[in-house]
Amino acid sequence: MRLIVHAGFHKTGTSSIQQTLAANRAALTPAYRILLKDDMAGMTEAARAYSRTLDDVEWSLFLYEAAQVLGNLDPADTRPILMSCEDLAGHMPFRHAQTDYVAAPRIMAGMISVAQDALGAGVASLEFLFTTRAPAPWVKSCYAQHVRATRMTDDLDTFRRTALPHADLNAMVDRIAAAVAPARVHRAALEDIATGPLGPLDALLDVAEVPADLRATLAPLPPANTSVPQDLLTELLAMNRSDTPWKTLRDEKKVLIRKSRRAHRMSKQ
């Protein structure tokens, strides 16, 4: 069994990879097994929870949830497994007092340990893929996500000053590679993979050695989870700075974002 884990990072084309995988699951299933967030929800939530606290109890819960997922894999099924969820690397940095993916090296090493315990000789290899992005555009994209999803009140310049010193995703991949050695760790920059025939998914298909004839049957999708227009981002930031209760604020922001995206889709028709 070959297990390939695409575990991040946030805002590096991960949503596009997962949505394109989901849309093409039927075509890939005869040759590959696909595991996305909904297939391992407990495991991804446990990874996020551990990344917030680095607590031993949360670590034990992550190992338990990982064992539930990996232990349920049929070792007699030799199809390679493609796992993709950026939450396996923990929370996106710059919230919950995190400045980087501090928990990711231990989480990846833990996955190897769990896989070996659960599957033993059934695992021929466990490899990792991390999609990366240049620091400046990654920080800008993270900022937009935080403004949308949290009560972020900093302006972009303030956020940049905090985030840019911690925005070297390649350095984090190096730390992860050291933690999981001798397991193979692949990396692909969004700037290099975004414009391929299947978008960022091509990077994962390359690692999985998906043959050309099968790739030719897969359908591309438009980029997923793209940033909102600047005028809407400015409006969302102003809403974050208001005294509106969080539940009401969250619901109002969701309505505005849905309207904006619906208008964008209609303008493309």
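Residues numbered from 1 in each chain as written. Predicted model: local features only at pLDDT ≥ 70, side-chain atom pairs only at ≥ 80, totals over all residues. Heavy atoms only, no water.

Would you explain the overall build of the protein in this entry?
The secondary structure content of the protein amounts to 13 helices and 5 strands. Considering only C-alpha atoms, the protein reaches an extent of 55 × 50 × 30 Å along its principal axes. Summarising the internal contacts of the protein: among those between residues at least 6 apart in sequence, 78% fall at separations of at least 24. For the protein, the accessible surface area stands at approximately 12,700 Å², while carbon and sulfur atoms represent 53% of it. If you average the places of the 31 positive and of the 30 negative side-chain charges in the protein, the two averages end up 7 Å apart. (Helix = DSSP H or I, 4+ residues; strand = E, 2+ residues; numbered from the N terminus. Contact = heavy atoms within 4.5 Å. Areas by Shrake-Rupley, 256 points an atom, 1.4 Å probe, with all protein chains shown as cover. Lys, Arg positive; Asp, Glu negative; His and termini not counted. Charge placed at Lys NZ, Arg CZ, Asp CG, Glu CD.)

Looking at this structure, how should I read the environment of A177?
Secondary-structure assignment places A177 in helix α8 (residues 169-180). For the pair formed by A177 and L54, sequence separation is 123 residues and the distance between their alpha carbons is 20 Å.

How should I be thinking about the pairing of strand β5 (residues 185-189) in this particular structure?
For a regular strand, side-chain orientation follows a simple rule: the groups alternate between the two sheet faces. Burial along β5 is one-sided: H186 and A188 are buried, while V185, R187 and A189, pointing the other way, are not. Examined bridge by bridge, strand β4 (residues 125-132) and β5 share 5 bridges and lie parallel to one another. Within β5, the position partnered with F130 by the bridge is R187. (Buried < 20%, exposed > 50% of the residue type's maximum accessible area, 1.4 Å probe, protein only. Pairing = 2+ DSSP bridges.)

Mind showing me how you'd approach a positive patch on the surface here?
A contiguous patch of positive charge, built from K254, R258, K259, R262 and R265, is present on the exposed surface. Looking at the element boundaries, R265 is found in helix α13 (residues 246-268). (Patch = residues over 30% accessible without salt bridge, like charges linked within 9 Å, V, L, I, M, F, W, Y side chains within 5 Å. Salt bridge = Lys/Arg side-chain N within 4 Å of Asp/Glu carboxyl O.)

Explain the packing of helix α5 (residues 104-119) against α8 here, please?
Angle between the axes and distance between the axes are the two parameters that describe a pair of packed helices. Interaxial distance between α5 and α8 falls to 8 Å at its minimum, and their mutual angle equals 35 degrees. Classified by chirality, the crossing of α8 by α5 is right-handed. On α8, the residues touching A104, P105, M108, A109 and I112 of α5 are M172, R175, I176, A179 and V180. Per-class residue counts for the contact of α5 with α8 are 9 nonpolar, no polar and 1 charged. (Axes fitted to C-alpha atoms, helices over the stretch in contact; angles between N-to-C directions. Left-handed = near helix turned anticlockwise from the far one by under 90°. Nonpolar A, V, L, I, M, F, W, Y, C, P; charged D, E, K, R; others polar.)

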